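Fold and contact review
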2 protein chains.
Amino acid sequence: MKEVAGYIAIGTNAYLSRQVKTIGLVVPWLFIAMWLAFGSWTAIAFLSGVALSLIAGYIGMNVAIRSNVRTASAAIVSMGSAFRTAFMGGSVTGLSVTALSLLALCTLRTTLGNLEPLIGFGFGGSLAALFAQIGGGIYTKSADIGADLVGKLEEEIPEDDPRNAAVIADLVGDNVGDCAGRGSDLFQSFSDDMITGMILGAIFSWKYGANGVVFPLVMQATGILGCIVGISLVREWKGRSPSASLFLGLFLASAVNAFGLYILSMTLLNDFTIFIAGLSGLIATLIAVLVSEYYTGLGNRPIRRMAEISQGGAAINIITGFSFGLQSSILPILAVVAAIIISFVISGGSLYAIVVANIGTDLLSAFIMSSDAYGPIADNAEGIARMSGVSAEASASLQKLDAVGNTMKASTKAFAMASGTLTAFVTFLTYFSTAGIPTLAVSVPFALAALYLGVALPYLFSSLTIGATANGALRMVYEVRRQFREMVGLREGKTTPDYARCVDIAAANALKEMVIPGILAFSAPVVMGVLFGPEELGTMLVGAAASAALLGFFFNNVGAAFDNAKKLVETGLYGDRGSIAYKASVVGDTVGDPLKDVAGPSLLIFMKLVGMTALLILRLLH
Amino acid sequence: MKEVAGYIAIGTNAYLSRQVKTIGLVVPWLFIAMWLAFGSWTAIAFLSGVALSLIAGYIGMNVAIRSNVRTASAAIVSMGSAFRTAFMGGSVTGLSVTALSLLALCTLRTTLGNLEPLIGFGFGGSLAALFAQIGGGIYTKSADIGADLVGKLEEEIPEDDPRNAAVIADLVGDNVGDCAGRGSDLFQSFSDDMITGMILGAIFSWKYGANGVVFPLVMQATGILGCIVGISLVREWKGRSPSASLFLGLFLASAVNAFGLYILSMTLLNDFTIFIAGLSGLIATLIAVLVSEYYTGLGNRPIRRMAEISQGGAAINIITGFSFGLQSSILPILAVVAAIIISFVISGGSLYAIVVANIGTDLLSAFIMSSDAYGPIADNAEGIARMSGVSAEASASLQKLDAVGNTMKASTKAFAMASGTLTAFVTFLTYFSTAGIPTLAVSVPFALAALYLGVALPYLFSSLTIGATANGALRMVYEVRRQFREMVGLREGKTTPDYARCVDIAAANALKEMVIPGILAFSAPVVMGVLFGPEELGTMLVGAAASAALLGFFFNNVGAAFDNAKKLVETGLYGDRGSIAYKASVVGDTVGDPLKDVAGPSLLIFMKLVGMTALLILRLLH
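Residues numbered from 1 in each chain as written. Chains lettered and ligands numbered in written order. Predicted model: local features only at pLDDT ≥ 70, side-chain atom pairs only at ≥ 80, totals over all residues.

Observations regarding the overall build of chain A
To keep things clear, this is the line we draw: For helices the rule is a DSSP run of H or I covering at least 4 residues; for strands it is a run of E covering at least 2, with both sets numbered from the N terminus onward. To sort residues by burial, count the other C-beta atoms lying within 10 Å of each one's C-beta; a count of 20 or more means buried, 12 or fewer means exposed, and anything in between means partly exposed. C-beta atoms are built from the backbone. Residue pairs are scored as contacts if the distance between their C-beta atoms, which are placed from the backbone, is within 7 Å.
Scanning chain A from N- to C-terminus turns up 20 helices and one strand. The C-alpha extent of chain A, read off along each of the three principal axes, is 75 × 50 × 45 Å. In chain A, which comprises 622 residues, the proportion classed as buried is 68%. Here the analysis covers contacts within chain A between residues at least 6 apart in sequence; of these, 85% occur between residues at least 24 apart.

Thoughts on the interface of chain A and chain B
Selection rule: Three classes are used: nonpolar for Ala, Val, Leu, Ile, Met, Phe, Trp, Tyr, Cys and Pro, charged for Asp, Glu, Lys and Arg, and polar for all others, with Gly counted as polar. In this description, strands pair whenever DSSP reports at least two bridges between them.
Listed as interface residues are 65 residues of chain A and, on the opposing side, 65 residues of chain B. Sort the elements by how many residues they give to the side of chain A that touches chain B and helix H16 (residues 446–486) of chain A lands first, with 18 residues. Residue classes in the side of chain A that touches chain B are distributed as 48 nonpolar, 17 polar and no charged. Where strand S1 (residues 439–441) of chain A and strand S1 (residues 439–441) of chain B come together, three bridges link them in antiparallel fashion. Residue Ala 441 of chain A lies in a different strand from S1 of chain B, and its bridge partner there is Thr 439 of chain B.

Some points on the relation of the copies chain A and chain B
Note the cut-off: Superposing the copies works by least squares over the C-alpha atoms of residues that have pLDDT at least 70 in both of them.
With an RMSD of 0.0 Å, chain A superimposes on chain B once it is rotated by 180° and translated 0.0 Å along the axis. Taken together, the rotation and translation describe the operation of a two-fold axis. The position closest to the rotation axis in chain A is occupied by the C-alpha of Leu 440 of chain A, lying 2.5 Å away. A high fraction, 100%, of the interface residues of chain A reappear at the interface in chain B, so the copies pair face to face through one surface.

Details of helix H18 (residues 515–532) of chain A
Residues and elements named next belong to chain A. Condition: The span one expects for a helix is its residue count, reduced by one, times 1.5 Å. Here the bend at a residue is taken as the angle between two axes, fitted respectively to the seven residues that end there and the seven that start there.
Helix length check: H18 (18 residues) gives 25 Å between terminal C-alpha atoms against 26 Å at 1.5 Å per residue, within 8%. Roughly 35° is the biggest bend found in H18, and it falls at Ser 523, with proline Pro 525 one to four residues downstream. When H18 is considered as a whole, its buried residues turn out to be Pro 517, Gly 518, Ala 521, Phe 522, Ala 524, Pro 525, Met 528 and Gly 529. Residues of H18 that are buried sit in contact with helix H4 (117–155), H16, helix H19 (534–570) and helix H20 (580–621). Of the residues trailing H18, Gly 533 is marked for its positive phi of about 95°.

A look at the packing of H4 of chain A against H18 of chain A
Residues and elements named next belong to chain A. Spelled out, the test is: Every axis in this analysis is a line fitted to C-alpha atoms, fitted for helices over the stretch in contact. Angles between the N-to-C directions lie between 0 and 180 degrees. Each angle gets one of four labels, with under 35 degrees taken as roughly parallel, over 145 as roughly antiparallel, 65 to 115 as roughly perpendicular, and the rest as oblique. Here a crossing is called left-handed whenever its near helix is offset anticlockwise from the far helix by less than a right angle, and right-handed whenever the offset is clockwise.
Two elements in contact, H4 and H18, have axes separated by 9 Å at closest approach and are oriented at 150°. Here H18 runs roughly antiparallel to H4, going by the angle between their axes. The way H4 lies across H18 gives a crossing that is right-handed. On H18, the residues that touch Leu 127, Leu 130, Phe 131 and Ile 134 of H4 are Pro 517, Gly 518, Ala 521 and Phe 522. Taken together, the residues of the contact of H4 with H18 break down into seven nonpolar, one polar and no charged.

Thoughts on the packing of helix H5 (residues 167–203) of chain A against helix H13 (residues 351–360) of chain A
Residues and elements named next belong to chain A. At their nearest, the axes of H5 and H13 sit 10 Å apart, and the two run at 160° to each other. Put simply, H5 runs roughly antiparallel to H13. Considering only the axes of H5 and H13, their crossing is left-handed. Residues Asp 193, Thr 196, Gly 197, Leu 200 and Gly 201 of H5 pack against Leu 351, Tyr 352, Val 355, Asn 358 and Ile 359 of H13. Looking at the contact of H5 with H13, its residues break down into five nonpolar, four polar and one charged.

Focus on the environment of Arg 305 of chain B
Residues and elements named next belong to chain B. If you trace the backbone, Arg 305 turns up in helix H10 (residues 301–309). The class for Arg 305 is buried, based on 21 C-beta atoms found within 10 Å. With 260 residues separating them in the primary sequence, Arg 305 and Ala 565 have C-alpha atoms 8.6 Å apart.

Some thoughts on the confidence of the model for chain A
Residue and element names in this part refer to chain A. Quick note on the threshold: Residue-level confidence of the predictor, termed pLDDT, takes values from 0 up to 100.
Looking at chain A as a whole, its pLDDT mean stands at 88, while 100% of the residues score no less than 70. Mean pLDDT across the elements of chain A ranges from a minimum in H5, with 82, to a maximum in helix H12 (residues 330–346), with 96. Taken together, the chains of this predicted complex give a pTM of 0.92 and an interface ipTM of 0.91.

Section: helix H7 (residues 211–233) of chain B
Across its 23 residues, H7 of chain B extends 33 Å between first and last C-alpha, which sits within 8% of the 33 Å expected from 1.5 Å per residue. Looking only at H7 of chain B, the buried set comprises Gly 212, Val 213, Phe 215, Pro 216, Met 219, Gln 220, Gly 223, Ile 224, Gly 226, Cys 227, Gly 230 and Ile 231 of chain B.

What about the environment of Ala 75 of chain B?
Structurally, Ala 75 of chain B is set in helix H2 (residues 40–77). For Ala 75 of chain B, the contacting residues outside a window of four places in its chain are Ala 82, Ala 381, Ala 385, Ala 394, Ser 397 and Leu 398 of chain B.

Some thoughts on the environment of Ala 86 of chain B
Residues and elements named next belong to chain B. Its location among the elements puts Ala 86 in helix H3 (residues 79–111). For the pair Ala 86 and Ser 443, spaced 357 residues apart in sequence, the C-alpha to C-alpha distance is 58 Å. Apart from residues lying up to four places away in sequence, Ala 86 is in contact with Ser 67, Thr 71, Tyr 374, Ile 377, Ala 378, Ala 381 and Leu 401.

As structure tokens, then:
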């Protein structure tokens, strides 16, 4: 076990340090540009944003590569023990990342005289998160798809088989893509919401005084406390599945948070409508989680239908999955829009209420991040166990825990998308309000034309990230094939494949391919703003955010649905591993991979980054 | 041949008359509602719109089921003769549908005192087109996919094999989906553009007098003449492929049209900027056609890459196709947006110039419609030839002509999407201008929230149409399997399958499934407008149109790309029909089918219908 875990740790660390170096090629130039354009404080805040976002990812990844081997060995004792170990590992990430964000913003708020440089911090955090997510996503899915295409389809060896040269790259990928990427993302979302919250809080100081500025910070702090209560409940309860215990913890955390929010609203702001606003945000995220659970849960109609229809082959499985996936975007968007409208109307037309609703969507962040970080730990533990040949019983426990991780992953992505959609909405309300643009002209076509371009942006962005994954996977396929062909005794398990070579290929590809989409995301708003002015930039922003939200929910849910439909077919319902249904479900799963783990999560960061960029350059456009 | 053609004709006519009956269940209620709400003239115009749109489709379908058998027998003489026969058949449709629209609008314009009832005509035409396209699309692709899944994958018999019970339903589908559906669609687009053109022309009568109102009609008439010149060139030229001759005709028609437009602009309106505006629309459609040709053409990088990568299996083929497809939406949208901005800026800020740009996108309609109607004629002819066992040489000619039809189909869809995108844009400029809404408030969240819902609408709509196709295909699979199982001697070709049963299943499914998406498309704007008012309705409209345009280009291009990647693999580049690459490309092709032939074309009509509905109910919202 230690040997395998060692390979993973080396590969993960090597990738992250190369990633930092690559990001380091872009950051100094931006730092100088920001210093010149906005002054020293914004530039310094930007640099702290970049650094802390990367550190947040690093924490998540580091905890994961330590907890994976502990979880694998805990599985020898019992499934409950393994579950607890993995989830506690996840919660270290969840709590430390949110606490880090809170700490950083409190410090900056105290150090800095005004709030403006905070936008630099948000921009830096978003930018680093974007690179980490795109790079990590491309890495993990190139390795995963490459390993599966040769391993499962050509050589017909099981998943995580030590003879597959790409298997370590795949396990490394779980850490750099899921842990490091999501850690940075959550850090960014959590921070951005406080930043826009404080900016609008300052605008509303006539109503709430200084409390309005502090409220977002206090609210997030309460959220972390509520999540700690929820986290403490997560363990193996008698007769209950791990995922039931996770949902129980989630609902308890929600209840505690709702209570805390009520107390805060009444004491700090003395405004009951603020409580309702925050609650509506919290409920919108829960709705998004439940909808995603419906569309991707093993026992529900969509997955059962997809598994059944897989008997007709891969194509009809994919078509059916698409039909469900496209639908699955609708309700979460409705829930988010409803939260916005309810907050605004009940507060008698206050933008501040929408901001509070937005922070309401973050209240469960620490819990959600813990469940999310749990996933790759369980996944890695299962891989380590298989490769080091533990007992069948321990292996079966870990397989179950891995499946729970998959379900939670879909839920956490839905949560993050709902939260990010509201964040983006608040960002452009902040933008229009800061820019002093109360209305958009529609008697001339400029603003609407810019909106079309905005809707188009996420298509280009997704195309780049998905294409990069396909390129990387193909390179991986060629390498794994080559090793099987050239290395004598590999197929018989008599020799060890060259894992390092695959790790290196995945890393080189990911780092090369992450640059263009990364640059696109922050340069598009700059170009638009400079060429056509703040009004057109604003509508482009709205179009991009709306389009990214819909595509994002679609990609995340359809990918998770394919994954779970495969899991259902694997139970043998429609034949064994040679059946049409099984092969069809594997194809669906692979198609879904880059959608749910590269394009979807990257779109989430993308839509927040374009907003932050717009806010940042606004000062230059006047 | 006559026997097979007879089966097709019976199936086609039976479906169309059932479709008319189904549409007849909705139309009378709307007629009464419109009479009560808007008065007799609007209601009558609505009814004429429905009737003429269905007649346009009927013409296309009727010409096709007569030309298909002639083309098949002409192929015995020579490929050139078959090409000419099929294209002349197509041009009957192209010319008569455009002429019908022109005639109807001239008549209505003369008969009616004011222009308002014309919106009823546009709404009726759109509504009928939508039902025809959704119903026809679901029909054709259920039959096609169902036939392929059992025929090619399970029984391993060739395409259009007479032992396959779904084969007649598949051939009928080509007529009801591609001919009848596209005929109605084109009729609608052609008509809608003249209607919005005349309405805005009336607003601009201070500048151009009565000529401004007549100009759209005259411009369309000139367009038809220009296309006749282009059509007359289409035949087999020595040493040139049929598709080269088609592109030659297209470019000649464009040149003649540009010249005609110049003459008209200078004589009728004496305004050179109007010529530039119209030309920019014409060029935008040509760009869309060329981009789609790049992404879906057999010799170009995307298709070669997809064919090559198919060696890695179906999943990676689909992922790569998606990456290209998502990209392929960008340039056409840029071209359309550029045409809008150029027209507006060069004319010194005149909305009328945008209207002319929009009609500029229709100038090639008659030609494009002819090429489009050519496709199913060639496809049907090939099917008839195979089933009646003509010489290998004739069959090979028809196969080539069918492939040309596929390429043209992708181009015509790109043309129609570009034209429709501009139509939708003009519709909501007309809407905001008629509603007297010069600006939208963005300091309150309502308009932006409605925009999000608008962006979501096409996702729901596509989900319904794609899901319906999957359901229909599955029913077809069960039936074809049943016949192979239960009918003695069918597999050996000793008995004829029950074609009628499959025709019936496809029809019943399509008619049942077309109702909900159809109702959604016209009820969503009504509900939004009544509940939240004209401003929110307007932004929902913009969001829906932009989102539908992007999704539409994506679906159309990705489907055509999968189709042609399969054609490239079929040449044997990466192995025979048992190879991984071949099977992977077949899966891709099937996944693309409902995207390019159901969801994409339906979205096109959808985005125009929501606009027409909004224009129609605007009077009730004040």
